Every structure is written in C-alpha cells, then in structure tokens.
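# Coordinates in review
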Amino acid sequence: MKKQTKPYRPIVILVLLLATATATGQNVPNVLFIGNSYTEVNNLPQMTADVARSTGQSFTWSSNTPGGCTFNRHCTNQSMTMIQRGGWDFVVLQEQSQYPSFPQWQVEAEVFPYAAQLVAAAYAASPCCEPMFYMTWGRKYGDADNSGEFPVLGTYEGMDSMLCLRYMQMAADNDASVCPVGRVWHYLRDNHPGIELYQRDNSHPSVAGTYAAACSFYVMFFGGDPAQITHTPSSLDPGEAATIRQAVREVVYSNIGHWRRQQPHANITLHASAGLDATLLASGTGADSLVWDFGDGQTVTTADSLVSHTYADSGAYRITLVALRRCMTDTAHLDIHIGDTPTAGIPEAVRPPSVGIHPNPTAVRPVVTIGGYPVDTDERRATLTAADGRRYSLRQFDNLPAGVYLLTIVRDNQIHTGKIIKQ
C-alpha cells in the first residue's frame with residue numbers, strides 16, 4: 001500500500017482479507033461484534049456462545065467482520081447500520097490489529113475519532129447497552145514492517161504495550177468497558193509459553209488464542225467465574241484449556257472492576273439535622289441521577305447531591321439512596337433519628353417496600369414478586385450486590401457462589417429491596 005509523506009510518514013497496514021460472517025443465536029442478552037479477521041478467525045462469537053452455554057448462560061449475536069477493517073471503515077459500512085438498529089446489550093469493538101499501536105499523532109487522527117463515533121452511535125440507539133473494546137495482542141515477534149517508523153513496534157512487548165495503552169485510553173475517553181484479551185495473552189506468554197496462541201502467520205489467533213478471548217468475553221458479559229466453564233474446543237488439549245481458564249480468572253475475573261466502565265456508587269451522609277428537618281449528602285460518584293427514599297413514603301429524583309427533607313413525625317427512619325447511571329444502579333442505606341424522642345429500630349410502617357422472595361434460602365433462582373406480581377428476572381434494574389461489592393443481574397443467580405446478596409429493584413422511581421441467601 002502507498003504510504004503518505006510529509007509532514008510525517010504514517011505507518012502502513014497489512015490488510016488480511018478473510019470472509020465476513022454474521023450469525024445469530026436464540027437467547028438474551030443481544031451482542032453485536034464489530035471487528036475484522038481477529039474476531040472472524042475460529043468464529044469467536046460462536047465460541048463465546050459455546051463457552052457461555054456450558055455454564056447455563058446464553059446470548060444472541062450478530063457480527064460484521066470484514067478482513068482488515070478499521071474503525072474508520074466501520075463508521076460508513078454495514079456496521080454503523082447494525083449499531084443504529086438498536087436493541088443491543090453489548091457492542092464489541094475491535095480495531096484493525098496494528099492501528100492502535102501506531103504513533104500517538106496517527107492514532108489521534110485515524111483511530112480515536114472513529115472509536116468515539118461508534119460508541120456514541122451505540123449509546124444513541126441502545127441507551128442501556130455496554131460498549132466494550134476488544135483489546136487485542138502484539139504480534140509474536142512485533143511488527144517488523146513498521147518498526148523502522150516507530151521502533152517500539154520491533155518487539156512483541158513494545159507492540160503489545162502500545163495496544164494495551166491505546167485500548168484503555170479509548171475505553172476511558174468513551175465511557176466504555178474493555179475486554180482485556182491482550183493482557184490474558186501476555187499472562188499466558190509469560191507463565192505458560194508452551195501454549196501456542198498464534199497461527200503460523202504469528203498474528204492471527206490459534207484455537208487456544210481464540211479460546212482465551214472467548215473465556216474473557218464470557219466473564220465480561222456475565223460476570224461469571226471462568227472456573228465454571230466446562231466447554232473445551234475439540235482440537236484443544238484439555239490441560240491447556242484449564243490453564244487458559246485459570247489465566248482468565250487471574251487477569252479478568254479477579255480484576256473485573258478495572259476493566260469495566262465507571263459504575264455508579266451510592267453513599268449517604270447526614271449533613272445536618274434540626275427538629276424534623278434533615279439535610280442529606282450523596283457522596284458517591286458516577287451517577288447521572290439519584291433516587292431518594294426518605295423512609296416515610298416520600299421519594300424524590302434529583303441530580304443534586306445535597307437534598308433536604310422535612311418529616312411529619314419524630315422517630316427512626318431508614319433512608320435509601322439509589323444512584324443511577326446508564327441503567328446501572330447502586331444502593332446505600334442510612335438509619336437516622338429525627339425529633340426529640342429516640343426510637344429503637346425502624347418502625348415497620350416506614351421501612352422501604354419489601355419484595356417477596358421464595359424460596360429463601362435457595363440454591364436456584366427464586367421467584368421474586370412485588371405486590372404479589374412476578375418480577376422479570378431480565379429487568380435491567382433488578383440487580384444483586386454481593387458482600388464484596390460485585391454486582392450481578394438477577395438472571396445470573398444460578399451461577400453465583402453461596403452467600404448473602406442484596407436485591408435492588410427500581411421500578412417507576414420506587415425502590416424495592418430484599419436479601420437473598422444463596423445456598
């Protein structure tokens with residue numbers, strides 16, 4: 001391909017032409033894979049679906065993966081049409097394998113603007129979706145064709161470090177998550193060099209390399225422990241598969257908060273009180289709006305972190321705050337006493353609305369009701385919070401470890417909470 005000249009000579013790319021494929025599954029969530037041959041080889045979307053199915057999870061998927069395709073081209077081809085169709089829960093974005101590793105000035109001109117366009121389109125068409133950048137890996141021996149223009153690319157370590165840096169930057173700049181497949185590969189290369197992650201071209205993934213990606217996406221989509229995965233491709237050694245799953249557990253699962261876009265965080269402080277008046281401060285971060293339940297049947301939704309409320313009677317009240325951000329929630333509670341006469345505990349009449357959970361404790365997903373009516377377990381604002389702060393959807397319940405979980409459901413600006421004991 002022809003190179004540009006002054007004022008700088010941009011690095012050229014090797015376009016590897018492979019067939020484009022689109023496929024669909026049967027169940028939710030709905031995932032769109034946008035990329036090129038790195039996604040297409042070994043059919044990463046289908047392998048991810050197979051991995052998820054082995055844990056009891058499933059999702060539908062579509063893809064557009066023309067060989068060598070860049071974010072720039074995806075902004076004007078079928079990919080943008082598919083994004084704008086809407087209805088996506090995850091939109092996976094994989095740039096051409098070399099572009100993000102190029103010099104900063106070139107990436108700022110030829111990668112970042114188009115990454116921003118794709119994420120903006122995803123949020124516009126699917127406001128509750130989670131855009132997710134697919135962090136790829138350095139070539140086995142670096143990018144020799146372009147190391148003359150940018151010497152850091154002359155080794156795997158140099159190229160891989162550039163890819164990691166740029167994908168993390170794209171995720172931070174665009175309020176998106178990142179699936180750190182490149183970091184999993186790096187871990188495997190360092191600790192298990194006998195596992196061949198590359199095809200003979202030293203660029204595209206082998207079956208083992210794609211399996212590492214599929215297990216990583218399973219964790220990012222469902223929050224599940226890769227130790228639960230039982231699917232192993234027929235051509236992959238079972239021992240190597242187990243080692244790959246453990247690597248994914250170390251890199252992705254154990255640090256999932258590092259790879260996720262910013263989550264809302266709720267925290268309440270009693271700023272001031274006098275008589276029946278209370279001023280409350282929401283000191284959490286990352287929320288677009290705050291839903292307050294003052295514990296006396298009164299609620300308010302606001303973007304302000306400081307709110308005041310006047311109670312009709314003295315007594316003990318439980319205040320509940322739900323921080324909302326792009327259909328994500330986090331919940332905090334604060335017990336306060338208002339007025340002159342202390343009251344032990346929280347009067348039953350002013351407790352937040354409870355939910356029905358049957359059976360409880362339980363080893364399988366319980367039936368959840370509000371006012372006697374079943375709750376849709378796929379509801380975006382029905383969330384489970386574990387003791388360590390990790391958040392899950394209610395539909396993930398069967399695959400969660402034993403423990404106590406706080407269930408929070410926001411419906412029509414009403415907050416419903418309950419505790420579920422997983423056996």
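Above this note sits the structure.
Residues numbered from 1 in each chain as written. Predicted model: local features only at pLDDT ≥ 70, side-chain atom pairs only at ≥ 80, totals over all residues. Heavy atoms only, no water.

Another aspect to go through is the sheet that holds strand E10 (residues 306-310). Strand pairing within a sheet occurs via backbone hydrogen bonds; the two strands may be parallel or antiparallel. Pairing in this open sheet of 3 strands is antiparallel, and the strands run E6-E7-E10 from one edge to the other. At either end of the open sheet lies a strand with only one pairing partner, and these are strand E6 (268-274) and E10. Taking each pair of neighbouring strands and ignoring which way they run, the sheet shows an average axis angle of 25 degrees. In terms of strand pairing, strand E7 (residues 277-282) meets E10 through 5 bridges, oriented antiparallel. Counterpart to Leu-280 in the pairing with E10 is Val-307. (Pairing = 2+ DSSP bridges. Helix = DSSP H or I, 4+ residues; strand = E, 2+ residues; numbered from the N terminus. Axes fitted to C-alpha atoms, helices over the stretch in contact; angles between N-to-C directions.)

Time to look at helix H10 (residues 238-251). In an α-helix, one turn spans 3.6 residues, which is why side chains three or four residues apart end up on the same side. Its 14 residues place the ends of H10 20 Å apart at the C-alpha level, agreeing with the 20 Å of an ideal helix rising 1.5 Å per residue. Inspection of H10 places Ala-241, Ile-244, Arg-245, Ala-247, Val-248 and Val-251 among the buried residues, and these make up the whole buried set. Seen from one end, H10 has its buried residues packed into an arc of 160 degrees, which puts them on one side. Contacts made by the buried residues of H10 are with helix H8 (181-191), helix H9 (207-222) and helix H11 (256-259). Capping of H10 at its N-terminal end is provided by Asp-237; its side-chain oxygen lies 2.9 Å from the backbone amide nitrogen of Gly-239. (Expected span 1.5 Å × (residues − 1). Buried < 20%, exposed > 50% of the residue type's maximum accessible area, 1.4 Å probe, protein only. Arc of directions from axis to C-beta. Contact = heavy atoms within 4.5 Å. Polar contact = N/O pair within 3.5 Å; in protein donor to acceptor, adjacent residues only side chain to side chain.)

Time to look at the nonpolar core. If you look at the biggest cluster of nonpolar residues, it comprises 82 residues, and the most contacted ones within it are Phe-59, Phe-133, Tyr-211, Phe-217, Phe-221 and Ile-244. When residues in this core are grouped by element, the largest group, 12 residues, is from H9. One finds Ile-268, Leu-290, Ile-319 and Ala-332 within the second-largest nonpolar core, a separate group that totals 18 residues. (Core = buried A, V, L, I, M, F, W, Y, C linked by side-chain atoms within 4.5 Å.)

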